[in-house]
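Single-letter residue listing:
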Amino acid sequence: MPAPKTKVKVALCQLLTTDNKDKNILTAQQAIREAAGNGAEMVVLPEMWNCPYSNESFPTFAEDIEGDSSQSAAAMAEAAKQHGITLVAGSIPEKHAGRLYNTCLVYNKQGQRLARFRKMHLFDIDIPGKISFKESDTLTAGENISVVDTEAGRLGLGICYDIRFPELAMIYARQGVQLILYPGAFNMTTGPAHWELLTKARAVDNQLFVGVCSPARNLEASYHAWGHSMLVGPFGQILTSAEHEPGIIYADLDYEEVEERRKGMPLAAQKRYDLYELADKTASGK
Ligand SMILES: NC(=O)CCC(=O)C(=O)O
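Residues numbered from 1 in each chain as written. Predicted model: local features only at pLDDT ≥ 70, side-chain atom pairs only at ≥ 80, totals over all residues. Heavy atoms only, no water.

- The protein chain goes by CN hydrolase domain-containing protein in an unreviewed UniProt entry, where it is assigned to Apatococcus lobatus.
- Under the UniProt heading Sequence similarities (unreviewed entry), the entry covering the protein chain gives this text: "Belongs to the carbon-nitrogen hydrolase superfamily. NIT1/NIT2 family." (UniProt positions renumbered as here; feature names shortened; annotations may be inferred.)

Right, dumping it as structure tokens:
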């Protein structure tokens, strides 16, 4: 692999997901083409971009992605290759050995799969009168973190609810990750309260770039996504952000800023690991 770039143009595609998988794939293909045409070297898709975000839909939309021959995986491998981009293909429901996972696939510009990350922390919440969702009714949690070396930088992956667990992001930072990407679909209760806050917090805690990529809000669906995809820099600054409509947002990242910010405020060196501990007990998966 050529040396990773220090300056990278990233596109986050906030896609409108419907209950028609063919249509969702076409929408993703069109967005990837548009983003690549506008010079993006890395393109990111939302959580569950090929499937409505619902426990009823996950089993029926799920694909066995071994070998990349399933409909969505094949389309993404092909799109990455056709447009010569690094593709962080959001997430889709994955069927494997009798279980379902919420899975993010990453491809290089030759269309080869670099990573498969399965959501580690399942979204099981119940806020009375507001939102109740239990991913664990249908999904199984992943067991591995995922650091991915791409031509567009060293990435760490999480999916949506994973952003609430700072340990994951801290481990990524310790492993030299420059950009953490969380495809995610927050909702209308926790979105306004926490989405931007958590994105900035993970960026500032760890002095790196963080991107969150949501589906657009579909009021015809049972789950209304908050939207507001955004990219935040290592000082907590918003580089680009969307509202809730479908669209593509872009940012030029300069990874040298990570080093610069850490030089000025050397948090990693100031950690008191003599007093506390943080351990990665997993192996990255593909
Ligand atoms: N899809 C998800 O994991 C949603 C997470 C969410 O809304 C939150 O508040 O956390």
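Focus: the UniProt feature "domain: CN hydrolase" (unreviewed entry) in the protein chain
Part 1 of the reasoning: UniProt records the feature "domain: CN hydrolase" (unreviewed entry) at residues 8–255, using the numbering of this structure.
Part 2 of the reasoning: Counting secondary structure, residues 8–255 comes out at 25% helix and 30% strand; the distance between its end C-alpha atoms is 8 Å. (Helix = DSSP H or I, 4+ residues; strand = E, 2+ residues; numbered from the N terminus.)

Quick look at the sheet that holds strand S12 (residues 209–213)
Strand pairing in a sheet takes place through backbone hydrogen bonds and is either antiparallel or parallel in direction.
Part 1 of the reasoning: What the 6 strands build is an open sheet, ordered S9-S10-S11-S12-S13-S14; its pairing is mixed. Pairing within the sheet leaves two strands with one partner each, and these edge strands are strand S9 (147–150) and strand S14 (238–241). Here the strands of the sheet are splayed against their neighbours by 20 degrees on average, with no regard to which way each runs.
Part 2 of the reasoning: As judged from the 4 bridges shared by S9 and strand S10 (residues 153–157), these two strands associate in the antiparallel manner. (Pairing = 2+ DSSP bridges. Axes fitted to C-alpha atoms, helices over the stretch in contact; angles between N-to-C directions.)

Re the site of the ligand
Part 1 of the reasoning: The local shell around the ligand consists of Glu47, Tyr53, Lys119, Phe123, Cys160, Tyr161, Arg164, Ala185, Phe186, Asn187, Thr190 and Tyr223.
Part 2 of the reasoning: Between the ligand and Glu47, the relevant distance is 2.9 Å, taken from a nitrogen atom to a side-chain nitrogen or oxygen of the residue.
Part 3 of the reasoning: Tyr161 is positioned such that a nitrogen or oxygen atom in its backbone is 3.2 Å from an oxygen atom of the ligand.
Part 4 of the reasoning: Considered on its own, the ligand offers 300 Å² of accessible surface; in the complex 100% of this is hidden by protein.
Part 5 of the reasoning: Among the residues making up the shell around the ligand, the classes are represented as 7 nonpolar, 2 polar and 3 charged. (Near = heavy atom within 4 Å. Polar contact = N/O pair within 3.5 Å; in protein donor to acceptor, adjacent residues only side chain to side chain. Areas by Shrake-Rupley, 256 points an atom, 1.4 Å probe, with all protein chains shown as cover. Nonpolar A, V, L, I, M, F, W, Y, C, P; charged D, E, K, R; others polar.)

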